[in-house]
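Overview (structure and organization)
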2 protein chains.
Amino acid sequence: MGKSTRSHSQTRRGAPESISIEAVARKAKVSTATVSIVLNGKGERYRISKATQERIKDVAKKLNYEPNPVARSLRLGRTQTIGFVIADLANPFFAELATTLERLCHEHGYLLQISASGDDVAMEEEIIRNFVAKSVDGLIIATSHEESDFLSDIASRTPTVFVDRKIKGSNCCWVTSDNYESAKEAIRRLIDKREFREVAYIGGAPSLSSNIERLQAYENVLEEAGVPVARRIVKEGAFTCDAGKAAMSDIIEEIGRPPDAVFTASYTLLEGALAELKRRYGAAQPDIAIATYDDHPLLDYVAPPILSVRQDCPLLAESAFSILTSMMSGSSGLQRIIAPARIIQR
Amino acid sequence: MGKSTRSHSQTRRGAPESISIEAVARKAKVSTATVSIVLNGKGERYRISKATQERIKDVAKKLNYEPNPVARSLRLGRTQTIGFVIADLANPFFAELATTLERLCHEHGYLLQISASGDDVAMEEEIIRNFVAKSVDGLIIATSHEESDFLSDIASRTPTVFVDRKIKGSNCCWVTSDNYESAKEAIRRLIDKREFREVAYIGGAPSLSSNIERLQAYENVLEEAGVPVARRIVKEGAFTCDAGKAAMSDIIEEIGRPPDAVFTASYTLLEGALAELKRRYGAAQPDIAIATYDDHPLLDYVAPPILSVRQDCPLLAESAFSILTSMMSGSSGLQRIIAPARIIQR
DNA sequence: TTGAAAGCGCTAACAT
DNA sequence: ATGTTAGCGCTTTCAA
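Source: prediction; values computed, not measured.

Description of the UniProt feature "domain: HTH lacI-type" (unreviewed entry) in chain A
If you check UniProt for "domain: HTH lacI-type" (unreviewed entry), the listed places come out as residues 19-76 of chain A in our numbering. For residues 19-76 of chain A, helix accounts for 66% and strand for 0%, while the C-alpha atoms at its two ends are 20 Å apart.

Some remarks on the confidence of the model for chain A
Averaged over chain A, the pLDDT score is 90; the fraction of residues at 70 or greater is 94%. Note that residues 1-16 of chain A has pLDDT below 50 and, in this model, twelve contacts with residues that lie over four places away or in other chains.

Let's talk about the pairing of strand β10 (residues 306-310) of chain B
All names here are of chain B. Burial analysis of β10 places four of its five residues in the buried class, which makes it a mostly covered element. Pairing analysis gives four bridges linking strand β9 (residues 289-293) to β10, with the strands arranged parallel. Across the sheet, residue Ala 291 finds its bridge partner in β10, namely Leu 307.

Focus on helix α6 (residues 121-133) of chain B
Its 13 residues place the ends of α6 of chain B 18 Å apart at the C-alpha level, agreeing with the 18 Å of an ideal helix rising 1.5 Å per residue. Among all positions in α6 of chain B, only Met 123, Glu 124, Ile 127, Ile 128 and Phe 131 of chain B are buried. The buried residues of α6 of chain B all sit within an arc of 135 degrees when viewed along its axis, so they share a single face. Taken together, the buried residues of α6 of chain B touch α5 (92-107) of chain A together with β1 (81-86), β2 (111-116), β3 (138-141) and α7 (149-157) of chain B. Structurally, the start of α6 of chain B carries an N-cap: the backbone nitrogen of Ala 122 of chain B is 2.8 Å from a side-chain oxygen of Asp 120 of chain B. Directly beyond the C-terminal end of α6 of chain B, a positive phi value near 60 degrees is found at Ser 135 of chain B.

Regarding the nonpolar core
Within soluble globular proteins, side chains that are nonpolar tend to cluster in buried spots. By size, the foremost hydrophobic cluster in this structure holds 98 residues, and its most contacted members are Phe 263 of chain A together with Phe 263 of chain B. When residues no more than four places from it in sequence are discounted, the contact partners of Phe 263 of chain B are Ala 183, Ala 186, Ile 187, Leu 190, Ala 200, Tyr 201, Ile 202, Ala 291, Thr 292 and Tyr 293 of chain B.

Parameters at a glance
Sequence order as written defines the numbering, with residues in each chain counted from 1. In the order they appear in the text, chains get letters beginning with A and ligands get numbers beginning with 1. Given that this is a predicted model, residues contribute local features only at a pLDDT of at least 70 and side-chain atom pairs are listed and counted only at 80 or more, while totals for whole chains, interfaces and linings are drawn from all residues. Excluding hydrogens and water, the side-chain figures rest on all heavy atoms present in the structure. UniProt positions are given in the numbering used here, feature names are shortened, and annotations may be inferred rather than shown by experiment. A run of H or I in DSSP counts as a helix once it spans at least four residues, and a run of E counts as a strand once it spans at least two, with each numbered from the N terminus. pLDDT measures the predictor's confidence residue by residue and takes values from 0 up to 100. We call two residues in contact when some of their heavy atoms are within 4.5 Å. Burial here depends on accessible area, computed with a 1.4 Å probe over protein chains only, as a share of the maximum for the residue type. Under 20% is buried, over 50% is exposed, and the range in between is partly exposed. At least two DSSP bridges between two strands are required for those strands to pair. Expected span, for any helix, means 1.5 Å times one less than how many residues it has. The arc in question is traced by the directions running from the helix axis to the C-beta atoms. Counted as a polar contact is a pair of N or O atoms within 3.5 Å, where, for protein atoms, one must be capable of donating a hydrogen and the other of accepting one, and residues adjacent in sequence contribute only when both atoms are in side chains. Each nonpolar core is a collection of buried residues, namely Ala, Val, Leu, Ile, Met, Phe, Trp, Tyr and Cys, held together in the definition by side-chain atoms within 4.5 Å.

Structure, rendered in structure tokens:
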């Protein structure tokens with residue numbers, strides 16, 4: 001039936017020499033259906049003869065045949081891909097999550113597709129929309145997004161796990177560190193170091209659960225210790241380096257000198273705060289006691305010593321992945337995990 | 001012709017309520033062809049009447065129609081996606097490249113798909129194969145892969161730009177920092193600090209151009225300065241943290257004490273070297289002069305001061321992207337760019 | 001100015 | 001035990 005007409009579609013580029021299932025079928029003298037069945041390991045179920053199976057596999061190998069994933073996705077409506085949305089690739093916390101997730105995905109035959117929103121809410125929506133349009137099989141979202149109907153909606157139609165933040169008042173699955181307890185312990189140890197005139201707080205986006213819980217820890221610890229919380233040295237903004245700079249700057253302006261002690265609610269904020277101190281005081285770094293959420297290998301060598309909270313990224317990632325896996329295979333229970341974090345005393 | 005038969009394909013999952021072009025066509029009372037033409041902005045070219053165009057656009061908007069990218073890819077043989085292959089997400093150098101690349105891709109209507117090989121050659125091949133199978137429109141490869149026919153082959157059939165390393169003896173496009181000159185300058189400044197008994201070198205995979213050039217710089221500077229190069233304190237291995245630890249350990253064993261001065265050929269190696277020093281000497285860090293390829297924000301606060309080479313990631317990324325863009329639009333000229341890097345004196 | 005239909009490569013229901 | 005065929009959603013040629 002003259003399947004060779006090239007009158008249509010000659011405009012497409014495609015891979016130059018990619019062999020299709022049809023080429024295999026022709027060479028093995030069977031139909032494409034049989035090839036598909038055999039190559040997908042369903043040969044037994046369909047009782048394809050051993051001989052035929054061998055022949056097909058041989059031909060496929062000889063031709064170096066690889067099924068076209070795009071066609072497969074279109075037909076199947078799934079892609080063996082998991083989308084991972086983060087705020088910022090340069091944030092080592094996210095990078096570490098991504099590293100573990102990628103390993104897990106690979107082990108389970110998935111591809112991890114990472115996209116960073118650059119902390120831009122609209123961009124983030126676009127990324128997620130794109131992921132969904134491309135039929136990712138699941139979503140892991142670690143984001144600085146505000147509470148949103150959009151996200152709840154997505155989560156209700158595509159298996160989704162949130163990491164690092166909780167969505168208020170919805171029935172989404174999430175995995176986070178034990179922000180409140182770990183921050184509390186860190187701040188407790190910070191103020192135990194010596195007597196401070198004040199302890200400043202530099203936080204991220206006010207509406208994010210991670211910030212809320214870390215701030216709550218800060219307020220409660222100070223209260224317990226009988227230290228007054230001065231709102232003017234409590235700064236929130238965004239979980240970015242720039243916001244950290246601005247916050248530190250504000251605090252210094254506010255009290256007319258560097259604070260005695262400060263807690264930064266993320267690594268990025270710490271980086272910003274330090275940069276601002278350096279900008280203002282250069283080499284003559286003031287004597288500030290610092291504690292921060294998130295850890296970094298180089299903190300072991302930084303002066304002054306910076307106490308930190310090390311989140312258990314492998315555990316967070318594994319939990320998220322395992323929840324997602326169960327959702328993708330149909331479970332609809334509400335799964336939430338709170339992972340402990342470790343204080344690195346310095 | 002009873003298009004509504006659902007006898008076949010009822011097994012697929014797909015998105016629950018995704019509207020297809022056909023729904024739009026039906027509602028707008030035109031054919032799918034017309035919808036496609038109009039929505040792709042070819043209405044004028046095909047002289048579709050203004051009225052029809054409006055009607056179609058209205059319906060599409062009302063139905064919230066989004067063309068299915070998978071179907072589109074299958075038909076067109078392209079995906080508006082660029083694959084970015086790196087060794088390690090946790091390496092800030094790659095993360096920074098990725099950040100800029102993602103911005104550029106977004107601005108040009110592409111999606112960046114990042115995948116990390118974890119420094120595993122086989123894994124990397126698999127990733128690239130996967131990318132190609134999925135019809136990425138272009139590849140940017142920043143990898144610790146050895147010279148390989150596989151890569152040359154890929155590069156000859158898919159627009160590909162290598163970053164951070166050159167492929168020996170092939171006609172591939174690449175973008176790298178000026179490894180030789182910048183490393184030379186850094187090492188020069190390192191040995192100018194004071195008189196050293198020895199200056200050790202901790203490098204990455206011996207066959208990678210980045211390592212070769214940085215090592216060459218080391219040898220030449222020492223020679224120029226009349227300092228003998230002792231092979232036993234020149235360690236190569238891999239661009240990883242673990243390799244850095246091992247190398248530092250070897251050097252210490254070799255000379256029976258920590259070296260006076262050391263140059264690490266990447267941030268990851270520095271991290272490893274520092275960790276090993278810490279493991280062995282704890283808080284009583286020996287007085288070592290250190291310089292490293294790659295910079296990090298926290299290095300500003302690390303003691304002892306660590307001189308570094310800051311690669312121009314935005315420039316590298318932009319160059320790679322621009323070369324790739326030109327290749328994707330048909331250019332086949334051999335484009336190569338060497339970007340200057342900056343020394344951060346500390 | 002628009003529509004019909006082929007076909008991208010694959011899978012699965014159904015027929016044989 | 002294997003083949004035929006519809007159809008995933010889209011674009012484009014050709015016809016009208």
